[in-house]
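Close look at the chain arrangement
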Amino acid sequence: MTVTEREAREVAEAAREQDWQKPSFAKELFLGRFRLDLIHPHPAPDPESVQRGEDFLAKLRTFCETSIDGALIERESQIPDEVINGLKGLGALGMKVGTEYGGLGLSQVYYNKALALVSSASPAVGALLSAHQSIGVPQPLKLFGSQEQRDAFLPRCATTDISAFLLTEPDVGSDPARLATTAVPDGDEYVLDGVKLWTTNGVVADLLVVMARVPKSEGHPGGISAFVVEGASEGVTVENRNAFMGLRGIENGVTRLHRVRVPKANLIGKEGAGLKIALTTLNTGRLSLPATCVGAGKWCLKVAREWTEARVQWGRPVAKHEAVGGKMAFMAATTFALEAVVDLSSQMADENRNDIRIEAALAKLFGSEMAWQMADDLVQIRGGRGYETAASLAARGEKGIPAEQLLRDMRINRIFEGSTEIMHLLIAREAVDAHLSVAGELIDPDASMADKRKAARAAGGFYARWLPKLVAGAGQLPNSYAEFDTLAPHLRYVERTARKLARSTFYAMSRWQGKMETKQNFLARIVDIGAELFAMSAACVRAEQMRRDGEHGREAHQLADAFCRQSRVRVDELFNRLWTNTDELDRTVVKGILGGSYTWLEEGVLDASTDGAWIADQTPGPSQKENVHRPIR
């Protein structure tokens, strides 16, 4: 499909949740308002959900220890059927499904803890459970499905049926405006045609959520829509089981739909609401990924501690050498902060008091980047043993530490459910929403002069009220946040820096106006600063809660203090790079690359790639391949 840049933006914009019905700590943070009252005191889960969650975690831990062989899954690149059936028997498929439908009805907090636990045994198993419940059939039906759909499908999802989410296509990633799969109305049915790529769980799925474009016609508003499709339907063919550098047991494939007939009753929500359903589903669905990153951080810290105590170089344990100790301090502080971010966001999701769309996105962005760094640091700390496989280590008599596997497994998190680059843009769009709301037509090159004058008046009123509030605040008062004791200076820093961040955003809007959306590196730095401020806030609030509860309070304050000091160094560097960078020169170099100016630099090497198209053919039609769909019973 040929879609202009403007059309693509309009499709993405239409899928956004336009309104803010509930408060958002992160949204306020980007506007320069440090609303500590929205997250402190730290929200607490109700005792019943805690008991239910702890009971399940105890059973799950036993199952993971006795029934999941992560090395076997890595070696054979497949999760054994008996493992998946065991998880079904345990109720793990229904962790997020309500008890009225046969599920466990776990809170978001304990669902995430369960994913972290399972992923530490096998990231591939964690990915299967997450794809099934975070973005598969259960979550969109919970949010948008009819009662009839919930009654029909949720009991299956809770007990026996694995689900998958089908949005990506060979030529469509983060730009849904070019979605090619169609759903043509035909009486009381829709006929689906298209090819879907990277269908996590698609190889073994019994139920699919398929995003397809309904043509506009009489009685049909059309647009990208969401459907529940039976995996065994005639015309559904899994043409390939994909293989990756990590998550080698993941059941991810290419699925072709050829004249697949789907009952009208299986349309989720309304026609044209598919992208909004997908994005809303991801608001909480994105929390599952950083939850697994927390688990990875905990494991990295454990292995690093045990190894650096045992490994002696130049007369002392390597942990006592500053170059290694600094990496371990980063691991410990960052794991503490990341767990604080995930638990806080998850509890807010459970309480449904706040709008957490930005918080969840920040958790995903921050978690995936930090976990990758921690995994890389662990490999570095382990040295040659970090690069060696666990099987090779064990074969020569050493402890089989799968550090290199963790590095491979963690890499996908910076791409899954929105790449780091897309997350930057998504969060930035929400962060500048207030500015665009009042100045949209003022900076729109296609707006009329009358509309621009009207927008100018509205913008003038907004900024006349908003800008003076960015001059001074509680962060400049020496006794502010005194109840946090030694962490109070960090919260004062967050408050001051939030105002500075908002001023920087305003200055950039004034300087670049409509061209702001093209300044992607600038926006990424703005978002990264916001992520750090959110993580600092969450770490301080969690540490103070632990101190008041008498649970490792002193140690928690130390970790929060260390994280905040490390974070402040990163924030100060990001602020410097807002205005002192090579962005302009980089754009010039890119033009040269695309124009062929530097092809001489590519000489002297061989290209080991095989022949083939850059993007596989996705022409609709009957499948010419064997169906490798493998339902598990």
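To be clear, the structure that these remarks concern was listed above.
The structure reproduced in this document is the subject of the present report.

What counts and what doesn't
By convention here, each chain's residues receive numbers from 1 onward along its written sequence. Given that the model is predicted, a residue must reach a pLDDT of at least 70 before its local features are reported, and side-chain atom pairs must reach 80 or more before they are shown or counted; all residues, however, enter totals for whole chains, interfaces and linings. Computation of side-chain values: all heavy atoms of the structure, hydrogens and water removed. Where helices and strands are cited, they refer to DSSP runs of H or I of at least four residues and of E of at least two residues respectively, numbered from the N terminus. Put simply, the radius of gyration uses C-alpha atoms, and a globule should come to 2.2 Å times the residue count raised to 0.38. Each residue's exposure class comes from its accessible area (1.4 Å probe, protein chains only) as a fraction of the maximum for that residue type: buried when under 20%, exposed when over 50%, partly exposed otherwise. For the area figures, the Shrake-Rupley method with a 1.4 Å probe applies, and any residue is considered shielded solely by the protein chains shown. Under the convention used throughout, the expected extent of a helix is 1.5 Å for every residue step, that is, one less than its residue count. We call two residues in contact whenever any of their non-hydrogen atoms come within 4.5 Å of each other. Think of a polar contact as two N or O atoms within 3.5 Å of one another; within protein, one of them needs to be a possible hydrogen donor and the other a possible acceptor, and neighboring residues in sequence only count if both atoms come from side chains. Any Lys or Arg side-chain nitrogen located within 4 Å of an Asp or Glu carboxyl oxygen qualifies as a salt bridge. Working convention: axes come from line fits to C-alpha atoms, limited for helices to the stretch in contact. Angles between N-to-C directions cover 0 to 180 degrees. Any angle that falls under 35 degrees is termed roughly parallel, while one over 145 is termed roughly antiparallel, one within 65 to 115 roughly perpendicular, and all others oblique. Each crossing is labelled by how the near helix is turned from the far one, with a counterclockwise turn of less than a right angle marking it left-handed and a clockwise turn marking it right-handed. In the scheme used here, Gly and all other residues not listed as nonpolar or charged are polar, with Ala, Val, Leu, Ile, Met, Phe, Trp, Tyr, Cys and Pro taken as nonpolar and Asp, Glu, Lys and Arg as charged. Space inside and on the surface of the protein is sampled on a 1 Å grid over the protein atoms alone, with a cavity defined as a set of points where a 1.4 Å probe fits but cannot get out and a pocket as an open set with protein on both sides within 12 Å along at least 5 of 7 lines; lining residues have an atom within 4 Å of a point. Grid points are joined across faces, edges and corners, and a volume is the space filled by probe spheres set on the points. When the sulfur atoms of two cysteines come within 2.5 Å, that pair is taken as a disulfide.

1. With respect to the overall build of the chain
When its secondary structure is counted, the chain shows 23 helices and 10 strands. In terms of overall size, the chain behaves like a compact globule, its C-alpha atoms giving a radius of gyration of 25 Å where 633 residues would be expected to give roughly 26 Å. Principal-axis analysis of the C-alpha atoms gives the chain an extent of 75 × 70 × 65 Å. Residue burial in the chain is summarised as follows: out of 633 residues, 53% are buried. Only carbon and sulfur atoms are counted for the fraction: they give 53% of the accessible area of the chain, which is about 28,800 Å².

2. Overview of helix H9 (residues 147-159)
Over its 13 residues, H9 extends 19 Å from the first C-alpha to the last, a length consistent with the 18 Å expected when each residue adds 1.5 Å. Along H9, the residues that are buried comprise Gln149, Phe153, Leu154, Cys157 and Ala158. Where H9 is buried, its residues touch helix H7 (123-135), helix H8 (138-144), strand S4 (207-214), strand S5 (223-230) and strand S8 (267-268).

3. Focus on the side chain of Thr199
Within the secondary structure layout, Thr199 lies in strand S3 (residues 189-200). At 3.5 Å, the side chain of Thr199 and the side chain of Thr255 are in polar contact. When residues no more than four places from it in sequence are discounted, the contact partners of Thr199 are Leu166, Glu251, Asn252, Gly253, Val254 and Thr255.

4. Points about the environment of Gly553
Along the chain, Gly553 turns up in helix H22 (residues 553-579). Take Gly553: its relative accessible area is 10%, and that puts it in the buried class. Filtering out sequence-adjacent residues up to four positions away, Gly553 remains in contact with Met546 and Arg547.

5. What about the side chain of Asp583?
Among the structural elements, Asp583 can be located in helix H23 (residues 583-594). Aside from chain neighbours lying at most four places away, what touches Asp583 is Asn521, Phe522 and Arg525.

6. Considerations on the pattern of salt bridges
The full count for this structure, using the stated rule, is 40 salt bridges. Of the charged contacts, one joins Arg33 and Glu28 as a salt bridge, the two residues approaching to 2.6 Å between their closest N and O atoms. Arg630 is paired through a salt bridge with Asp81; the nearest N and O atoms lie 2.8 Å apart. Of this pair, Arg630 sits in the segment after H23 while Asp81 sits in helix H5 (residues 81-90), and the two are 549 residues apart along the sequence. Through salt bridges with shared partners, a single ionic network connects Arg156, Asp161, Asp206, Glu230 and Arg633.

7. Considerations on the packing of helix H12 (residues 322-351) against helix H13 (residues 357-382)
The contact between H12 and H13 brings their axes to 10 Å, and the two run at 155 degrees. Regarding the angle of H12 to H13, the classification is roughly antiparallel. Between H12 and H13 the crossing geometry is left-handed. When H12 is examined against H13, the residues Val324, Lys327, Met328, Phe330, Met331, Thr334, Thr335, Leu338, Val341, Ser345 and Met348 are found in contact with a partner set consisting of Glu359, Ala363, Phe366, Gly367, Met370, Gln373, Met374, Asp377, Leu378, Gln380 and Ile381. Among the residues forming the contact of H12 with H13, the class breakdown is 13 nonpolar, six polar and three charged.

8. Topic: the environment of Leu523
If you trace the backbone, Leu523 turns up in helix H21 (residues 520-549). For Leu523, a relative accessible area of 8% puts it in the buried group. Apart from the residues lying within four places of it in its own chain, the contact partners of Leu523 are Ala428, Met516 and Glu517.

9. What about empty space enclosed by the protein?
Regions of empty space are outlined by a rolling probe, equal in size to a water molecule, passed over the atoms. Summed over all chains, the structure comprises two cavities of 30 Å³ or more. Taken as a whole, the largest cavity encloses approximately 50 Å³ of empty space. Around the largest cavity, the lining residues are Gly70, Ile73, Glu74, Ser122, Pro123, Ala124, Leu247, Arg248, Gly249, Gln405 and Asp409. Among the secondary structure elements, those contributing two or more residues to the lining of the largest cavity are helix H4 (70-76), H7 and helix H16 (403-411). Residue contributions to the lining of the largest cavity peak at three residues, all from H4. For the lining of the largest cavity, the per-class residue count stands at four nonpolar, four polar and three charged. One number sums up the size of the second largest cavity: a volume of about 30 Å³. In terms of lining, the second largest cavity is formed by Phe30, Ala431, Val432, His435, Thr505 and Ile526.

10. Brief notes about the state of the cysteines
Applying the stated rule across the entire model yields zero disulfides. This cysteine, Cys564, is not joined by any disulfide, and Cys540 carries the nearest cysteine sulfur, 3.7 Å off.

Bear in mind that shape data such as this cannot, by itself, settle questions of function.
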